[in-house]
Amino acid sequence: MKFFIDTANLNQIKEANDLGILDGVTTNPSLMAKEGITGAENIIKHYVDICNLVDGDVSAEVISTDFAGIVREGEMLAALHKNIVVKVPMIKEGIKAIKYFSSKGIKTNCTLLFSAGQAILAAKAGATYISPFLGRLDDISYDGIQLIEQIVHIYNIQGYDTQVLAASIRNPVHIVKCAEAGADVITSPLDSILALLKHPLTDIGLEKFLADYNKGNK
Ligand code: G3P
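A. Just the overall build of the protein, in detail. Looking only at helices and strands, the protein features 11 helices and eight strands. In terms of principal-axis extent, the alpha carbons of the protein reach across some 75 × 40 × 30 Å. Per-residue burial over the protein gives 46% buried out of 218 residues. The long-range share in the protein, meaning contacts at least 24 apart out of those at least 6 apart in sequence, stands at 57%. Total accessible area on the protein is roughly 11200 Å²; 55% of this is exposed by carbon and sulfur atoms. Positive and negative charge centroids in the protein, built from 20 and 25 side chains respectively, lie 2 Å apart.

Put into structure tokens, the structure is as follows:
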């Protein structure tokens, strides 16, 4: 399972990258705004900065909602760097655009995806990735992990190449459950990735090992 970080914060991207386990980055307009990155020019520059930090796929989201606009924006974004993946919303015009991008060899990430039916359509259109938002489903009392399991199952029996990129991760248990469910990728905030490191017995055990080692040095 690949690990992407879901942020536009360059320090956090660098910290995750320095761990040596980072495979890519996802962003969205809300994550950009959170970092104070606004205006087309600044946003575009920020995508390039991210691509220069991480050697892996970087999702850059279109804001157009009509076919011609999505294509225009997506082609511009894809031309910024070889690692850019055009993030396209799960709408009718988006599906048409994904089909177009797929025919041109431009990688896509179909976002705002909340059902198995949407996942089938995106795969049929040739999406490179789909982003089911599992945390947002949990928020409204639907089982987000169950959706990941269902989509992985369908993609396996249908032989679809589209990769399941589990998004809207809220905690380390989500990451473990996605691995169990067979997700191809998770995209997560840094704190949930770092939380995977933690176990109280590791801390207690290490403290004891170091204390015992130091006894011998006295
Ligand atoms: O990148 C999209 C997705 O991960 C959003 O997450 O926490 O806003 O639901 P969240």
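B. Expanded view of the pattern of salt bridges. The tally for this structure, following the rule as stated, stands at 10 salt bridges. For the salt bridge of Lys 215 with Asp 212, the shortest nitrogen-to-oxygen distance reads 3.0 Å. Taken as a pair, Lys 215 and Asp 212 lie in helix α11 (residues 200–216) at a separation of three residues, close to a single helical turn. Salt bridges here are not isolated pairs; linked through shared partners, they connect Lys 208, Asp 212 and Lys 215.

C. Geometry of the packing of helix α8 (residues 144–158) against helix α9 (residues 172–181). Where α8 meets α9, the axes come as close as 9 Å, and the angle between the chain directions of the two elements is 20°. Classified by the angle between their axes, α8 and α9 sit roughly parallel to one another. In terms of crossing hand, the pair formed by α8 and α9 is right-handed. The segment α8 lies against α9, with Ile 145, Ile 148, Glu 149 and Val 152 engaging His 174, Lys 177, Cys 178 and Ala 181. Among the residues making up the contact of α8 with α9, the classes are represented as five nonpolar, one polar and two charged.

D. A look at a nonpolar patch on the surface. On the surface, Leu 206, Phe 209 and Leu 210 cluster together to form a nonpolar patch covering roughly 340 Å² of accessible area. Mapping Phe 209 onto the fold places it in helix α11.

E. Spotlight on helix α1 (residues 10–18). Where α1 begins, the capping side chain belongs to Asn 9, and its oxygen is found 3.0 Å from the backbone nitrogen of Asn 11. Backbone geometry just after α1 places Gly 20 at a positive phi near 85°.

F. Molecular detail of the site of the ligand. Neighbouring the ligand are Asp 6, Asn 28, Lys 87, Phe 133, Arg 136, Ala 167, Ser 168 and Arg 170. Side-chain polar atom of Asn 28 to an oxygen atom of the ligand: 3.3 Å apart, as the coordinates give it. A distance of 2.8 Å is found between an oxygen atom of the ligand and a side-chain nitrogen or oxygen belonging to Arg 170. Looking at side-chain class alone, the shell around the ligand contains two nonpolar, two polar and four charged residues.

G. Structural detail: the pairing of strand β4 (residues 84–89). With respect to burial, β4 is a largely interior element, six of its six residues being buried. Of the two faces of β4, the one holding Ile 84, Val 86 and Val 88 and the one holding Val 85, Lys 87 and Pro 89 are both buried throughout. Taken together, the four bridges between strand β3 (residues 57–61) and β4 define a ladder with parallel strand orientation. Bridge assignment links Ala 60 to a residue of β4, and that residue is Val 86. Assessed by its sense of winding, the connection that carries the chain from β3 through helix α4 (residues 67–78) to β4 is right-handed. Strand direction decides the pairing type here: β4 and strand β5 (residues 108–113), joined by four bridges, are parallel. Paired with Pro 89 across the two strands is Thr 111, which belongs to β5. Note that the unit made of β4, helix α5 (residues 92–103) and β5 has a crossover that is right-handed.

H. Molecular detail of the pairing of strand β7 (residues 163–166). Residues Gln 163 and Leu 165 line one face of β7 and the alternating positions Val 164 and Ala 166 line the opposite face, and both faces are buried. Relative to β7, strand β6 (residues 129–132) runs parallel, the two sharing two bridges. Along β7, the bridge assignment pairs Tyr 129 with Gln 163. The sheet contact formed by β7 and strand β8 (residues 185–188) spans two bridges and is parallel. Note that in β8 the partner of Leu 165 across the bridge is Val 185. Handedness of the crossover joining β7 and β8 through α9 is recorded here as right-handed.

About the criteria used
- Residues numbered from 1 in each chain as written.
- Predicted model: local features only at pLDDT ≥ 70, side-chain atom pairs only at ≥ 80, totals over all residues.
- Heavy atoms only, no water.
- Helix = DSSP H or I, 4+ residues; strand = E, 2+ residues; numbered from the N terminus.
- Buried < 20%, exposed > 50% of the residue type's maximum accessible area, 1.4 Å probe, protein only.
- Contact = heavy atoms within 4.5 Å.
- Areas by Shrake-Rupley, 256 points an atom, 1.4 Å probe, with all protein chains shown as cover.
- Lys, Arg positive; Asp, Glu negative; His and termini not counted.
- Charge placed at Lys NZ, Arg CZ, Asp CG, Glu CD.
- Salt bridge = Lys/Arg side-chain N within 4 Å of Asp/Glu carboxyl O.
- Axes fitted to C-alpha atoms, helices over the stretch in contact; angles between N-to-C directions.
- Parallel < 35°, antiparallel > 145°, perpendicular 65-115°, else oblique.
- Left-handed = near helix turned anticlockwise from the far one by under 90°.
- Nonpolar A, V, L, I, M, F, W, Y, C, P; charged D, E, K, R; others polar.
- Patch = residues over 30% accessible without salt bridge, like charges linked within 9 Å, V, L, I, M, F, W, Y side chains within 5 Å.
- Polar contact = N/O pair within 3.5 Å; in protein donor to acceptor, adjacent residues only side chain to side chain.
- Near = heavy atom within 4 Å.
- Pairing = 2+ DSSP bridges.
- Right-handed = clockwise from strand over helix to strand, strands pointing away.

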